[in-house]
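Structural features, examined
Listed here are the chains, written in short residue letters.
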Amino acid sequence: MSEARPGEPMRILVLGAGVIGSVYAGKLLQAGHDVVLLARGMRLTDLRTGGLVLENSESGQRFESPIPVVETPEADQRYDLVLVAVRAEQLAATLPVLMGMNDGSDVLFLGNVAGHGPALIEALGPRAVFGFPAVGGIQDGAVIRYVLIGPQKTTLGEPSGARSSRVRRLLTMFSGAGFPTTITANIDAWLLGHAAFIVPMAFALYEVDTDAGRLAQDTAALRLMVRATRQALRALRAVGTGEIPTNLTILYLRMPERFAVHYWQRVLASPRGESWFAAHSRAAVQEMTILAEELQTAVHRTGHATPDLDTLLSRD
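Everything quoted here is computed from the prediction, not taken from an experiment.

Examined against the element boundaries, Ala119 turns out to sit in helix H4 (residues 117–124). On the basis of relative accessibility, which here comes to 45%, the residue Ala119 falls in the partly exposed class. Along the primary structure Ala119 and Ser160 are separated by 41 residues, whereas in three dimensions their C-alpha atoms are 15 Å apart.

With that settled, the discussion passes to the pairing of strand E2 (residues 34–38). Across the 5 residues of E2, 4 count as buried, placing the element largely inside the fold. Note: strand E1 (residues 11–15) against E2, 5 bridges, orientation parallel. If you follow Val14 over to E2, its bridge partner there is Leu37. One crossover worth recording links E1 to the parallel E2 by way of helix H1 (residues 19–30), and it is right-handed. Relative to strand E5 (residues 69–70), E2 runs parallel, the two sharing 2 bridges. The residue of E5 that forms the bridge with Leu37 is Val69.

So, on to the environment of Tyr206. Relative to the assigned elements, Tyr206 resides in helix H6 (residues 187–206). With a relative accessible area of 22%, Tyr206 lands in the partly exposed category. Separated by 109 residues in sequence, Tyr206 and Val97 have C-alpha atoms that sit 33 Å apart. Those residues in contact with Tyr206, other than ones at most four positions away along the chain, are Ser281, Ala284, Val285 and Met288.

Considered for burial, the residues of helix H3 (residues 91–99) that qualify are Leu91, Thr94, Leu95 and Leu98. One side of H3 holds all its buried residues, which, seen down the axis, span an arc of 115°. Opposite its buried face, H3 presents the exposed residues Ala92, Ala93 and Pro96, each directed more than 90 degrees away. For H3, the secondary structure elements touched by its buried residues are E1, strand E6 (81–84), strand E7 (106–110) and H4.

Attention shifts here to the packing of aromatic side chains. Per the counting criterion, the structure on display carries 12 aromatic pairs. With a centroid separation of 5.5 Å and an interplanar angle of 80°, the aromatic rings of Trp264 and Phe277 are classed as edge-to-face. One end of the pair, Trp264, is in helix H10 (residues 257–269); the other, Phe277, is in helix H11 (residues 271–283), and 13 residues separate them in sequence. One aromatic cluster is present, built from ring pairs that chain together Phe197, Tyr252, Tyr263, Trp264, Trp276 and Phe277. In this structure, Arg272 is placed above the aromatic ring of Trp276, and the distance from its NZ or CZ to the ring centre is 5.3 Å.

Note on strand geometry: in a regular strand, side chains alternate between the two faces of the sheet. With respect to burial, E1 is a largely interior element, 5 of its 5 residues being buried. Alternating positions in E1 separate into two faces, Arg11, Leu13 and Leu15 on one and Ile12 and Val14 on the other, with burial throughout. Examined bridge by bridge, E1 and E6 share 4 bridges and lie parallel to one another. Directly across from Ile12, in E6, lies its bridge partner Leu81.

Let us look at the sheet that holds strand E10 (residues 143–148). Pairing is mixed across the open sheet formed by 4 strands, whose spatial order is E4-E3-E10-E9. Only two strands of the sheet have a single neighbouring strand rather than two, namely strand E4 (62–65) and strand E9 (135–140). On average, adjacent strands in this sheet sit at an angle of 20° to one another, irrespective of strand direction. Here strand E3 (residues 52–56) pairs with E4 via 4 bridges, running antiparallel. Across the sheet, Leu52 pairs through a bridge with Ser65, a residue of E4. Those strands touched by helix H2 (residues 41–50) are E3, E9 and E10, and its axis lies near 95° from that of E3. Helix-sheet contacts for H11 involve E9 and E10, and the interaxial angle to E9 is about 65°.

Rules used in this analysis
The residue numbers shown here count from 1 along each chain, following its written sequence. Thresholds applied to this predicted model are a pLDDT of at least 70 for local features of residues and 80 or more for the giving and counting of side-chain atom pairs; totals over whole chains, interfaces and linings are not thresholded and use all residues. Water and hydrogen atoms were dropped before computing side-chain values, which therefore reflect all heavy atoms in the structure. Helix and strand definitions here come from DSSP, where helices need a minimum of 4 consecutive H or I residues and strands a minimum of 2 consecutive E residues; each element is numbered from the N-terminal end. Here the term buried applies to any residue with accessible area under 20% of the maximum for its type, exposed to any over 50%, and partly exposed to those in between, with areas from a 1.4 Å probe on protein chains only. A pair of strands is labelled paired if DSSP reports no fewer than 2 bridges between them. By the criterion used throughout, a crossover qualifies as right-handed when its path from the first strand across the helix to the second strand runs clockwise, the strands pointing away from the viewer. Whether two residues are in contact is decided by their heavy atoms, any of which lying within 4.5 Å being enough. Working note: the arc is built from the helix axis to C-beta atom directions. Stacked, tilted and edge-to-face are the three classes applied to pairs of Phe, Tyr and Trp rings, where Trp contributes its six-membered ring and a pair requires centres within 6.5 Å; stacked means planes under 30 degrees apart, edge-to-face means over 60, and tilted covers the rest. Lysine NZ or arginine CZ positioned within 6 Å of the ring centre and within 35 degrees of the ring normal marks a charge as sitting over the ring. Only the contacting stretch of a helix is used when fitting its axis, a line to C-alpha atoms as for every element, and angles between N-to-C directions run 0 to 180 degrees.

Have a look at this one:
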């Protein structure tokens, strides 16, 4: 981020116009930044004809605005930041676009790229920085219906673990746009710890056709999910390869199993079950499969047994 100073408006290209990319683009636009969305297909058409339309599913608040949109980055355009909000299976197709940009822009991968970090760094060098969003929701035609996930913060981290001026400027930028944001000193471990939480949740949902309400009523499935998550988190923590947020540490590693089961029964039975977990799991089967493979490889490498995780992930 060579041009923008802390607190100054930034020129940002958001690559990926789904839920996450659209919500971050919209809120950064509202905060005064110069934002361009990259989209294709019907999404490109919708954005060009009707602008960006966001609706908060909890408050009902709606935001509509024209927004510059492109199908490919224009050669003569320069950006301070490229925010990449695509699923894991789309990263390979995204890399040529990023490598073709010669403006020196930093590239923030805002999603769980566990296992892909080294390849992304090799391709982009010091331009690459990583993070994770705190947004869920669905795309309903041209409208993005979203929720801000309260227990989660937008999380940022340098590959080196340094609390650099670049990552501090990103924190200022996101915080100023209304996203509670934090910096981690080990983004690889944080993403792996997150995978240990979200992968069992997704695979438990797949057992019930991604129906959050059904999962809330299936105590046996919830127990298996909780045990699988506890085993994965304990294995990663034992060898220092997983950075586990405090709320997950308390829920899974300090409280009794029955407490975690009861907690998820309440969350999944509420509208949050769909907006926080089921909607994304339904749309991201391939991404969750990739994350599951990365998680199992990392957990098996620890040498700690995770029988319930293996059982959950082995189901068709």
